[in-house]
Amino acid sequence: MFLTKGVFVLVLLFLLLSPAAGSIAEAERRFTGCFYGGVKNPIEVFLTETIEISPSFFAQELSFPLIGNREGKNKHLERISPFLLLAAGILAGFNPCLLAVMAFLASIALVHQGRRKEMLKITLGFSAGIFSMYMFAGVGILSVVSFLPEIQGSFTEISILLISTLGFWHIYDAYWLKKHSKSTFRTPEALKNFMSRMGEKNLLMLSFLSGGMFSLVKAPCVGAIYLSLLSILATKTDLTRGAVYMGIYSLGLLLPVIGLGLLLAFGLSPRKVTEFRENWRVEIRLITGFILISLALMMQFRII
């Protein structure tokens, strides 16, 4: 019985998030208009034939800054608080996947005699790699959507489906972690082997490449909030402002990474980081999952 109710809830949420849900109200309005529009009141005929109101009148008087048209940008571009973007990035930075990789990199730095110097290089290179990849991907996607405005609606719908799917995946991963103590978000062995080959001569470059590769292969784990922000910016701002907003978010994302790297460089044991991640990753997964599903629902019903 519990399983049946759970399946029903999941199906209901999927229907709410589907593209068809957004068009139900419009279809109902058209049907109602066709059904009741056969006979017109004489006063209605007089009003419709003699009074013409310019659409620009309503466009000037009725404007809702948080509700935009998915098919194009608002006349007045959205202004998003930089502090809100920075806070969102910082929250996204407290991610079990990022914590695990930083602890792994710190264990590699322990092999070298100059642990502090090596860990600082790893932190700098890894952070620069993540920032570069996020900015490259974000500006690229924003550019395509900006030059092809006709795909904005499709891009938003696809983003909503991806964000909701990742939200359900995070919740499922929390259940899997609780039951099996093992995550479904796994780091590929190829990436681990690549990072384990870091040496003193090419440590900074390998750290940079590792950060870029991590951003790609671990995108389902760390990139869901990034995708939701990108989808909002694609329909709310222009390319220049969107790039600035992405930079602020990416900087916020890196602040926990840089802070953790400094702590590891100045004596924090990687085992402590691993223990913290093991103790809180179920809760972090659940919170992240519910946040992503909430974002998908608000995007679907054009609240944001």
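For the overall build of the protein chain, give the residues involved together with the corresponding values.
Check the secondary structure of the protein chain and you find 15 helices and zero strands. Across the 304 residues that make up the protein chain, the buried fraction comes to 39%. A total of about 17,800 Å² of accessible surface is found on the protein chain, and carbon and sulfur atoms cover 70% of it.

Before we move on, could you go through the nonpolar core and cite the residues and values that matter?
In this structure, Leu98, Leu105, Met119, Phe126, Ile130, Phe214 and Met246 are the most contacted members of the largest nonpolar core, which totals 44 residues. Taken together, the elements giving at least two residues each to this core come down to helix H6 (82–93), helix H7 (96–109), helix H8 (115–147), helix H10 (189–196), helix H11 (203–217), helix H12 (219–222), helix H13 (224–236) and helix H14 (239–265). A per-element tally of this core places H7 first, with ten residues. Non-local contacts of Phe126, meaning those with residues more than four positions away in its chain, are made with Leu98, Val101, Met102, Leu105, Ser207, Phe208, Ser210, Gly211, Phe214 and Val257. Leu166, Leu227, Leu292 and Ala296 belong to the second largest nonpolar core, which has eight residues in total.

Could you give an account of the layout of surface pockets, with specific residues and numbers?
Counted as a void, the largest pocket has a volume near 840 Å³. Forming the boundary of the largest pocket are 34 residues, of which Leu84, Ala88, Ile225, Ser228 and Leu295 lie nearest the centre. Ranked by residue count, the leading element in the lining of the largest pocket is helix H15 (residues 270–300), at seven residues. Residue composition of the lining of the largest pocket, grouped by class: 24 nonpolar, six polar and four charged.

Give a detailed account of the state of the cysteines, specifying residues and quantitative values.
Taken as a whole, this structure holds one disulfide when the rule is applied. Residue pairing for Cys97: its cysteine sulfur links by disulfide to Cys221, the two sulfurs lying 1.8 Å apart. On the S-S bond that ties Cys97 to Cys221, the torsion sits near 95°, and the link is right-handed. Of the two residues, Cys97 sits in helix H7 while Cys221 sits in helix H12, which places them 124 residues apart along the sequence. One exposure class covers both Cys97 and Cys221, and it is buried.

Outline the packing of H8 against H11, listing residues and values.
How two helices pack is summed up by the angle between their axes together with the distance between the axes. Interhelical geometry of H8 versus H11 gives an angle of 40° and a closest axis separation of 7 Å. The angle between the axes of H8 and H11 places the two elements in the oblique class. H8 and H11 meet at a crossing whose hand is right-handed. Residues Glu118, Lys121, Ile122, Leu124, Gly125, Phe126, Ala128, Gly129, Ile130, Ser132, Met133 and Tyr134 of H8 form the contact with H11, whose participating residues are Leu203, Leu204, Ser207, Phe208, Ser210, Gly211, Gly212, Phe214, Ser215 and Leu216.

Which residues make up the confidence of the model for the protein chain, and what are the values?
As a note on interpretation, predicted positions should not be read in detail where pLDDT is low. Of the residues in the protein chain, 71% have a pLDDT of 70 or more, and the chain-wide mean is 76. Note that residues 1–12 has pLDDT below 50 and, in this model, one contact with residues that lie over four places away or in other chains. Scored below 50 in pLDDT, residues 20–76 makes 45 contacts in the model with residues more than four places away or belonging to other chains.

Please give an account of a nonpolar patch on the surface that cites residues and values.
A cluster of nonpolar side chains, Leu120, Ile258, Leu262 and Phe266, forms an exposed patch at the surface whose accessible area comes to about 330 Å². Here Phe266 is to be found in the loop between H14 and H15.

Run through H6, naming residues and quoting values.
Along its twelve residues, H6 runs 16 Å from first to last C-alpha, staying within 8% of the 16 Å computed at 1.5 Å per residue. In this structure, the buried residues of H6 make contact with H7, H13 and H14.

Requested: an account of the environment of Met102, with residues and values cited.
By the element assignment, Met102 lies in helix H7. With residues up to four places along the chain from it excluded, the contact list for Met102 reads Met119, Thr123, Phe126, Val257, Leu260, Gly261 and Leu264.

Account for unusual backbone geometry, with residues named and values stated.
Residues other than glycine predominantly adopt negative phi, and peptide bonds predominantly adopt the trans conformation. Its identity is not glycine, yet Ser181 carries a phi of approximately 55°, on the positive side. On the secondary structure map, Ser181 appears in the loop between helix H9 (152–180) and H10. Classification of Ser181 as exposed rests on a relative accessible area of 56%.

Outline the packing of H8 against H14, listing residues and values.
In the contact formed by H8 and H14, the axes pass within 9 Å of each other and the chain directions differ by 160°. Accordingly, the angle class assigned to the pair H8 and H14 is roughly antiparallel. Once H8 is placed against H14, the crossing between them reads as right-handed. Here the residues of the contact of H8 with H14 are counted per class, giving 21 nonpolar, seven polar and two charged.

What counts and how
- Residues numbered from 1 in each chain as written.
- Predicted model: local features only at pLDDT ≥ 70, side-chain atom pairs only at ≥ 80, totals over all residues.
- Heavy atoms only, no water.
- Helix = DSSP H or I, 4+ residues; strand = E, 2+ residues; numbered from the N terminus.
- Buried < 20%, exposed > 50% of the residue type's maximum accessible area, 1.4 Å probe, protein only.
- Areas by Shrake-Rupley, 256 points an atom, 1.4 Å probe, with all protein chains shown as cover.
- Core = buried A, V, L, I, M, F, W, Y, C linked by side-chain atoms within 4.5 Å.
- Contact = heavy atoms within 4.5 Å.
- 1 Å grid on protein atoms, 1.4 Å probe; cavity = no way out; pocket = protein on both sides within 12 Å on 5 of 7 lines; lining within 4 Å.
- Points joined across faces, edges and corners; volume = space filled by probe spheres on them.
- Nonpolar A, V, L, I, M, F, W, Y, C, P; charged D, E, K, R; others polar.
- Disulfide = S-S within 2.5 Å.
- Axes fitted to C-alpha atoms, helices over the stretch in contact; angles between N-to-C directions.
- Parallel < 35°, antiparallel > 145°, perpendicular 65-115°, else oblique.
- Left-handed = near helix turned anticlockwise from the far one by under 90°.
- pLDDT = per-residue confidence, 0-100.
- Patch = residues over 30% accessible without salt bridge, like charges linked within 9 Å, V, L, I, M, F, W, Y side chains within 5 Å.
- Salt bridge = Lys/Arg side-chain N within 4 Å of Asp/Glu carboxyl O.
- Expected span 1.5 Å × (residues − 1).

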